[in-house]
Amino acid sequence: MTQCMMVNASITIRKALSTIERNYMLVPGDRVGVAVSGGADSVALLHILRIATEKMNLELFALHLNHGIRGEESDRDQFFVKDLSESMGIPFESEMISIPDMLRERGGSLEDVCRDERYAFFERIRRKRGLNKIALGHTLNDQAETIIMRFLRGSGLEGLKGFLPVREGLYIRPLMDLSRGEIISFLEDKKSDFITDSSNNDVTYLRNRIRKRLIPDLRKSYNSRLEENIGHTAEILRLEDDFIGQSVAGIISEWRINKDNARIDLDRLKSLHPALLWRLVKVILEGHSRMKNGIGYLHVKAVVDLIYARGPSLSVNLPFNLTARREYDALIIGSDICSNDCPDFSYKVSIPGSVDIAETGKIMKLDWAGLAEAEPCSDNTVFMDYNSIICPLMVRNLRPGDRIQPLGMEGTKKVARLMIDEKVPKMKRRLLPMLADNSSVLWVPGLRLSDRVKVTNVTEKVVKAQVF
């Protein structure tokens, strides 16, 4: 090996070790699974981490998943990684699966299924071997390809920041500041073989087209340091994204937002900078997605538009059975359990007696009370003059044309109009259980008692009604 080669290899190693140190990727004693496909990047990763063990007393394990996609070529890769690991004295763990069979059984894209199965494999070996880090061989070039691909698909700050140096405190990327050219030079200096995956030349895949066609043209015609500059941009965006993420987490905590069924004051939302508002909405929506996906620009925009829309009662349907509703002075996001399509319900009730209202999860109870007990009414308890009631008594929900004589008024008023005036959310109006007799509505809990059945100084028998 010439002196120049030794210097190049030494620079590459120092650069990778600096990335590890700067991002706190490893500490002495870590048990590290190294994802090794057999390609140049992963082979270089194994060599560099083996060198790092001399300083950090690491325990390495080579991990290889045979996807069964390329037949004999896939088997060749597995045997190559096994021989390489054994020659370096590193324990080898592998599994063989059939991605083609999985695609036939459950569908999905090849890229998504491969990624899911790869991380499931890592998790199995992590538990088996007690690993606390999984090292991935992503490079500066991979970062540039990822960011360009996300840009072309239409991504926000979270996507354009690229992949992280450390994810979930488990997955690390020691090579992310190294270019593919530096990796190849390093392996040539070490006279280390590696495998070339034939599928990397298949330009039917978007990533390969970006790698083979778009990036070379951009580098040649516009910026010779394209990948390095994109890497710098990604680093800046990671910092800014982290700041916005922390700010939104603080808002969720300070405002005590329940992300499962969020109810947030509209004026508060409108006071936020648009960047914080968009991220807050996105975080709440993504909280209902197990994989934190399925929520895109149009979904977030629909909710933000709802916040600034005119009209007291508007809604939009979203993925994961979510509904965002504007209810007068609040935005509500959650699973839609309140609907105008609520079926009619009606229960006959006696005195004394109670009704378990299955449609609303509430109970209405009626009982006799003494005149001295007839305290001022509250939202959940009222007292009525029995002789003014025209039996039978029914507990039911809103019907077209329902009217009530609100306490203190001479005339009647449509119950639907009353609900609007009292700003009862449209989605909840038919879920309010009301007490009615054979003439009209007597009580709308939380809103009004009928003047017709109010207790007076000539009342002889008092009925107490409660809802809870």
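Conventions used here
- Residues numbered from 1 in each chain as written.
- Predicted model: local features only at pLDDT ≥ 70, side-chain atom pairs only at ≥ 80, totals over all residues.
- Heavy atoms only, no water.
- Pairing = 2+ DSSP bridges.
- Helix = DSSP H or I, 4+ residues; strand = E, 2+ residues; numbered from the N terminus.
- Axes fitted to C-alpha atoms, helices over the stretch in contact; angles between N-to-C directions.
- Buried < 20%, exposed > 50% of the residue type's maximum accessible area, 1.4 Å probe, protein only.
- Contact = heavy atoms within 4.5 Å.
- Parallel < 35°, antiparallel > 145°, perpendicular 65-115°, else oblique.
- Left-handed = near helix turned anticlockwise from the far one by under 90°.
- Nonpolar A, V, L, I, M, F, W, Y, C, P; charged D, E, K, R; others polar.
- Expected span 1.5 Å × (residues − 1).
- Arc of directions from axis to C-beta.
- Salt bridge = Lys/Arg side-chain N within 4 Å of Asp/Glu carboxyl O.
- Phe/Tyr/Trp six-rings, centres within 6.5 Å; stacked < 30°, edge-to-face > 60°.
- Lys NZ or Arg CZ within 6 Å of the ring centre and 35° of its normal.
- Core = buried A, V, L, I, M, F, W, Y, C linked by side-chain atoms within 4.5 Å.

Draft legend 1. Fine view of the sheet that holds strand β14 (residues 381-385). An order of β12-β13-β21-β14 is seen for the four strands of this open sheet, with the pairing classed as antiparallel. The sheet terminates laterally at β12 (353-357) and β14, the two strands that pair on one side only. Geometrically, the sheet is characterised by an average inter-axis angle of 20° between neighbouring strands, direction not taken into account. The pairing of β12 with strand β13 (residues 362-369) spans five bridges and is antiparallel. For S354, the partnering residue across the bridge sits in β13 and is K365.

Draft legend 2. Representation of the side chain of S192 within the structure. Examined against the element boundaries, S192 turns out to sit in the loop between α8 (180-190) and α9 (206-221). Owing to a relative accessible area of 12%, S192 belongs among the buried residues under this scheme. Once residues lying within four places of it in the same chain are set aside, the contact partners of S192 are V43, H47 and L187.

Draft legend 3. Structural context of the packing of helix α2 (residues 40-56) against α8. α8 packs onto α2 with a crossing angle of 60° between their chain directions and a minimal axis gap of 10 Å. With respect to α8, the axis of α2 lies oblique. Note that α2 runs across α8; the crossing there is left-handed. Facing A40, D41, V43, A44, H47 and I48 of α2, the residues of α8 in contact are R180, I183, I184, F186, L187 and K190. Residues that form the contact of α2 with α8 fall into these classes: eight nonpolar, one polar and three charged.

Draft legend 4. Quick peek at helix α13 (residues 297-308). Between the first and last C-alpha of α13 there are 17 Å, a value that for 12 residues agrees with the 16 Å anticipated at 1.5 Å per step. Looking at α13, one finds that the buried residues are V300, V303, V304, L306 and I307. Considered in projection along α13, the buried side chains sweep an arc of 155° and stay on one side of the axis. The outward face of α13, more than 90 degrees from its buried face, is lined by the exposed residues Y297 and L298.

Draft legend 5. Here's a closer look at the sheet that holds strand β3 (residues 92-96). With mixed pairing, six strands are arranged side by side in an open sheet as β3-β2-β1-β4-β6-β5. Among the strands making up the open sheet, the edge pair consists of β3 and β5 (166-167). Pairing analysis gives five bridges linking strand β2 (residues 59-66) to β3, with the strands arranged parallel. Looking at the pairing, A62 lines up with F92 of β3. Contacts between α2 and the sheet are confined to β1 (31-35), β2 and β4 (133-135), with β1 contributing the most and set at about 160° to the helix.

Draft legend 6. The pattern of salt bridges, seen in detail. Taken as a whole and judged by the stated rule, the model has 42 salt bridges. In this structure, D77 and R70 form a salt bridge, with 2.6 Å as the shortest nitrogen-oxygen distance. For R70, a relative accessible area of 23% gives the class partly exposed. In this structure, E168 and R167 form a salt bridge, with 2.8 Å as the shortest nitrogen-oxygen distance. Residue R167 is classed as partly exposed on the basis of its relative accessible area of 25%. Among the charged side chains, a network of salt bridges with common partners joins D41, D142, E145, R180, R207 and R211.

Draft legend 7. Spatial organisation of helix α10 (residues 226-254). In this model, α10 (29 residues) spans 42 Å end to end at C-alpha, consistent with the 42 Å of a helix rising 1.5 Å per residue. Within the span of α10, buried status applies to L226, E227, I230, G231, A234, L237, R238, D241, I244, V248, I251 and I252. The elements touched by buried residues of α10 are α6 (140-153), α7 (157-160), α9 and α12 (274-286). Just downstream of α10, R256 is the residue with a positive phi angle, here 55°.

Draft legend 8. Highlighting the packing of aromatic side chains. Within the structure shown, the criterion is met by seven aromatic pairs. Seen from their ring centres, F121 and F122 are 5.9 Å apart, and the 45° between their planes marks the pair as tilted. Ring plane angle 75° and centroid distance 5.1 Å describe the contact between W368 and Y386, whose orientation is recorded as edge-to-face. In this pair, W368 sits in strand β13 while Y386 sits in the loop between β14 and β15 (393-396), placing the two residues 18 residues apart along the sequence. Owing to a relative accessible area of 34%, W368 belongs among the partly exposed residues under this scheme. Lying across the ring of W368, K461 places its NZ or CZ 4.3 Å from the centre.

Draft legend 9. Spatial organisation of the nonpolar core. Grouped together as the largest cluster of nonpolar side chains are 36 residues, with contacts concentrated most on L26, V34, L46 and L49. Taken together, the elements giving at least two residues each to this core come down to α1 (3-22), β1, α2, β2, α3 (72-87) and α8. With nine residues, the top contributor of residues to this core is α2. Excluding its chain neighbours within four sequence positions, the residues that come into contact with V34 are L45, L46, L49, L60, F61, A62, L63 and A135. Formed by 28 residues, the second largest nonpolar core is a distinct cluster that contains A262, L277, V304 and L331.

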